[in-house]
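Observations on chain architecture
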Amino acid sequence: MTLKQRLLTLTKAALFFCFSTSAFAQDAIETCRKDTVHLRGDWGEARFTVEVVDNAASRAKGLMGRASMPYGSGMLFIYHRTDDLAFWMKNTLIPLDIIFFDESGTVVNIHHSARPLDLTPLPSEGPSRYVLEINGGLAKALGLAKGSEIRHPAVLQHTAAWGCRKND
């Protein structure tokens, strides 16, 4: 093989690599967006448009004071370390399903239809890192249960049960 042929082969390989990497990045972008969570389990799959809260001030406020939330929407709480967590419904006006996920994005516990304005702590019942709040009753209607998984770019991809790569 001549030098010219080798250079041509290397150029083609480089272009293929760039295109493949680009396509891979595009697939990841299409499957994982900050404003969307995907859920899956034996029951099937679902998608929610979410607001992400990932700092102490926004997590403390959460959905307090809101009179409603559209179906298909939710709020995703992101913590920067895995720990036992507890939520309450102080100043929260709508019933919520509160879904706790571990570091891999796997459901560890669900509090169904948490009562508005209730100050009773609702614990994660296991180390959790992500919490999704959706309208009360939706988790049961979907069949969401322990072991279901979430896909979102905030989930640590090296431990994610359902990562952002297309084939995960």
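Higher on the page you've got the structure.
Summarised in this report is the structure supplied together with it. Every value quoted in this text rests on a predicted model; they were computed, and no experiment measured them. (Residues numbered from 1 in each chain as written. Predicted model: local features only at pLDDT ≥ 70, side-chain atom pairs only at ≥ 80, totals over all residues. Heavy atoms only, no water.)

**Overview of the packing of aromatic side chains**
Under the counting rule described, the total for this entry stands at two aromatic pairs. Aromatic pair Phe77 and Phe87: ring centres 4.9 Å apart, planes at 80°, arrangement edge-to-face. Of this pair, Phe77 sits in strand E3 (residues 73-83) while Phe87 is found in strand E4 (residues 86-87), placing the two residues 10 residues apart along the sequence. A relative accessible area of 9% means that Phe87 is categorised as buried. A centroid spacing of 5.7 Å and a plane angle of 90° characterise the contact between Phe87 and Phe100, whose relative ring orientation is edge-to-face. One end of the pair, Phe87, is in strand E4; the other, Phe100, is in strand E5 (residues 96-101), with 13 residues separating them in the sequence. Chaining the aromatic ring pairs together yields one cluster made of Phe77, Phe87 and Phe100. (Phe/Tyr/Trp six-rings, centres within 6.5 Å; stacked < 30°, edge-to-face > 60°. Helix = DSSP H or I, 4+ residues; strand = E, 2+ residues; numbered from the N terminus. Buried < 20%, exposed > 50% of the residue type's maximum accessible area, 1.4 Å probe, protein only.)

**Here's the deal with the nonpolar core**
In terms of nonpolar packing, the biggest core is built from 20 residues, with Phe48, Leu76, Ile99, Phe101 and Leu132 touching the most fellow members. Breaking this core down by element, the ones donating at least two residues are strand E1 (36-41), strand E2 (44-53), E3, E5, strand E6 (107-114), strand E8 (128-135) and helix H3 (138-142). In this structure Phe101 touches Leu39, Thr106, Val107, Val108, Ser128, Arg129, Tyr130, Val131, Leu132, Glu149 and Ile150, once residues within four positions along its chain are discounted. If you look at the next biggest cluster of nonpolar residues, it comprises 17 residues, including Val53, Phe87, Leu96 and Val131. (Core = buried A, V, L, I, M, F, W, Y, C linked by side-chain atoms within 4.5 Å. Contact = heavy atoms within 4.5 Å.)

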